[in-house]
Each structure stands twice: as structure tokens, then as C-alpha cells.
Amino acid sequence: MKRDILTIRDLSSEEVFRLIERALEIKKKQGKTNFPLRGRILGLIFDKPSTRTRVSFEAAMIRLGGGTIFLGKADTQLSRGEPIRDTARVLSRYLDALAVRTYAQDTVEEMARWADIPVINALTDRYHPCQILSDLMTVQENKGKIVGLKIAWIGDGNNVANSWINAAGLLGFDLVLACPSGYRPSPEALEKAGEKVRIVDEPVEAARDADVINTDVWASMGQEEEHGKRVEAFQGFQINSELLAYCKKDVTVMHCLPAHRGEEISEDVLEGPYSVVFDQSENKMHMHQALLEWLLA
Ligand code: CP
Ligand code: NVA
């Protein structure tokens, strides 16, 4: 039976740990592959811009011996109103898997319902599961473990935060999120979070003794018009050297990128010795390779 990855909750904790192990193995063996996906094709339907997710998925598929077809916002008849259910059934006859980046979570769910091939959520307004898979790999790589750590989130309770909450509920690590009121994570994500997830008002409370500190932009794609209002609401919710002083001495600083220096994170911390943001970006490719191999080989 095909597997869709629409949220982290579509995986079991064992599957997540196995993907992390495999992605780390792939990273070690970089360049050496026996092309297990020769002749297979990944389609990418992207309604929003992307540097990392698009290129790392395409590079991963090519490294596995397969090919990709990228479909931007205006490229398909979806832009002229062709129903998702027709598009999904047609594309299933040409492709082996589909990665979709769009606005509504309902869109990827409907695509998955009608497609006969695995559908991967490559970011919606609600969730960004693949980001968290590779972020967990980065935590494992840097800390040697995930469970037993305190992971802090500072800022917007957005799609990336919601997926971190899903992961904490599934794997059982401590996640403390400091979000301004009005910008808290989605109730749907929090509902199943369990007691390992806490929401606090003060960034210092989240940062105190944290092993990992993590953030993302204050205004996500599609929220550009709210930028000014959000900058005001998020004052005090920046990862900077003052906040870092509350974390453990060997804290790991993460950001899924793109970053807005001087807003959610200061330049010196982003470029500083605790930051692993470029390893984090690289790891997306290794994780996507592990994921595609698992889904399709
Ligand atoms: N982190 C991430 O998803 O980046 P892109 O928007 O560049 O894909
Ligand atoms: N929260 C951000 C993540 C970008 C990778 C956005 O949705 O724009």
C-alpha cells in the first residue's frame, strides 16, 4: 500500500528513527549509490517559492538514479481550475511520487486521497514534516540523541513549530515553545501533543537550559502583508546572544532558513559557533534521499 507523508504523524516513531539512521548513513557514504530508483520519477507541484526543499528533493532523486518534473504555480491546469481529483489521478499514471508545496493542508490531503502514488507534503500553511525529519537528523548528528533533550522554540507558532510539536508528541522529547499571544501553534497540533510539549510566554523560560534552540521567520509565505504588525508583536522574541546565555553551554542553534537577520535571529548568532543552519540545510538532501528510497525502492 502506498504511504503518504502529509504530517509527521503519518510515520511511527520507529520509522522516524530508522529514517534518521539511514539518512546519516547516506550522508557518510556521499556519492556512493547503486541508483535504486533508476527510471523512477518524482513530480513536484510547488505553489510557493523554495530553494532548499525543491533543490534537495530534486538532487536526492537524481542521486538515487531517478528523475524529476517540476511544476510551478502556473504550469498546470490546476491554475485554470482543473480539479485536484482529476490532476491527482492523471499524474499518478505518469509519476512514481509527488511532492506538493501549497497553502491549505486540505489540498495535500485531497491530492493524497485521489493519487495512487505517495504524496509528500513539501510545506503547507499548517505543517512542514520533511523539514522536521531532517532537523531531527541534525539534532541526532550534533547531540547523539533526541529523546532526553530540551528543545526550545522561540517565535511564531507556525507550520514548522506545528511539525516540531507533532514530532515531540510522537518521539517523546521535551519541547518548550515561547510564542507571543495570538501567534501560538495550531490547536490541532497541540491537541495530541501530550505533556512533553509546553507553551510559555517568556523566551527566557523556553531558553533556560535548552540543548537546542530553534526559530523561524515571523511572517511566513503568504503572510507578507502582516509583516509590519508581526514585527511589533514579536519584539523580544529574537534569538540573540543575551537569550543564548540562558541555554546550556553547548547549545545547538537551528533555523530552517530562509532567515531574516535582525528579526527572529541576530546576525552574530546565525553566523556564530553554535549555529548549525547550513548542516541543517544539507541534511534535507540526505533525509529526502532516505525518504524516497524508503517510499519507492
Ligand atoms: N527550509 C525550507 O523549506 O526552505 P525553502 O523554502 O527554501 O524550501
Ligand atoms: N514558516 C516558513 C517556513 C519556510 C521554509 C514559511 O512557511 O514561509
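Right above here is the structure, for reference.
Not measured: the values here are computed from a predicted model.

Some details on helix α2 (residues 52–63)
Between its first and last C-alpha, α2 extends 16 Å over 12 residues, near the 16 Å set by a 1.5 Å rise per residue. Regarding α2, the residues found buried are Thr53, Ser56, Phe57, Glu58, Ala60 and Met61. Looking at the packing, one finds that the buried side of α2 touches β1 (41–46), β2 (67–72), β3 (97–101), β4 (119–121), α5 (129–143) and α12 (277–296). Directly after α2, the chain includes Gly65, whose backbone phi takes a positive value near 100°.

Some remarks on the sheet that holds β2
Ordered by their spatial adjacency, 4 strands build an open sheet running β2-β1-β3-β4, and the pairing between neighbours is parallel. One side of each edge strand has no neighbouring strand; the edge strands of this open sheet are β2 and β4. Taking each pair of neighbouring strands and ignoring which way they run, the sheet shows an average axis angle of 20°. Pairing geometry for β3 and β4, over 3 bridges, is parallel. In the sheet register, Ala99 faces β4, and the bridge partner there is Ile120. Each of β1, β2, β3 and β4 is contacted by α2, which is oriented at about 170° to β1, the strand it contacts most.

Focus on the pattern of salt bridges
A complete count under the given rule lists 19 salt bridges for this structure. Salt-bridge contacts for Glu58 lead to Arg54; the nearest nitrogen and oxygen are separated by 2.8 Å. With a gap of 4 residues between them, Glu58 and Arg54 both fall in helix α2, about one helical turn apart. Residue Glu58 is classed as buried on the basis of its relative accessible area of 15%. On the basis of relative accessible area, Arg54 is assigned to the partly exposed category, the value being 28%. A salt bridge links Arg261 to Glu271; the shortest N-O distance between them is 2.6 Å. Of the two residues, Arg261 sits in the loop between β9 (252–255) and α11 (267–270) while Glu271 sits in the loop between α11 and α12, which places them 10 residues apart along the sequence. What you see here is one network of salt bridges that share partners, running through Arg22, Glu25 and Glu293.

Re the packing of α5 against α12
Here α5 crosses α12 at 115°, and the two axes come no closer than 8 Å. Taken together, the axes of α5 and α12 lie roughly perpendicular to each other. α5 and α12 meet at a crossing whose hand is right-handed. Along its contact with α5, which presents Cys130, Gln131, Leu133, Ser134, Asp135, Met137, Thr138 and Glu141, the element α12 presents Asp279, Gln280, Asn283, Lys284, His286, Met287, His288 and Leu291. Looking at side-chain class alone, the contact of α5 with α12 contains 5 nonpolar, 7 polar and 4 charged residues.

About the criteria used
- Residue positions are counted from 1 within each chain, in the order its sequence is given.
- For this description, chains carry letters from A and ligands carry numbers from 1, given in the order in which they are written.
- Totals for whole chains, interfaces and linings use all residues, but because this is a predicted model, local features are given only for residues with pLDDT of at least 70 and pairs of side-chain atoms are given and counted only at 80 or more.
- To obtain the side-chain values, all non-hydrogen atoms of the structure were included, while hydrogens and water were left out.
- Secondary structure elements are defined from DSSP: runs of H or I of at least 4 residues count as helices, runs of E of at least 2 residues count as strands, and each element is numbered from the N terminus.
- For a helix, the expected span equals 1.5 Å multiplied by the number of residues minus one.
- A 1.4 Å probe rolled over the protein chains alone gives each residue an accessible area, and that area as a share of the maximum for its type sets the label: buried under 20%, exposed over 50%, partly exposed in between.
- Here, residues are in contact when the closest pair of their heavy atoms is within 4.5 Å.
- DSSP calls a pair of strands paired once it identifies at least 2 bridges connecting them.
- To obtain an axis, a line is fitted to C-alpha atoms, over the contacting stretch when the element is a helix, and the angle between two such axes runs from 0 to 180 degrees between their N-to-C directions.
- Only one rule defines a salt bridge in this text: a Lys or Arg side-chain nitrogen within 4 Å of an Asp or Glu carboxyl oxygen.
- When describing relative orientation, an angle under 35 degrees is termed roughly parallel and one over 145 degrees roughly antiparallel, while 65 to 115 degrees is termed roughly perpendicular and anything else oblique.
- Left-handed describes a crossing whose near helix is turned anticlockwise from the far helix by less than a right angle; the clockwise case is right-handed.
- We call Asp, Glu, Lys and Arg charged. Ala, Val, Leu, Ile, Met, Phe, Trp, Tyr, Cys and Pro are nonpolar, and the rest, Gly among them, are polar.

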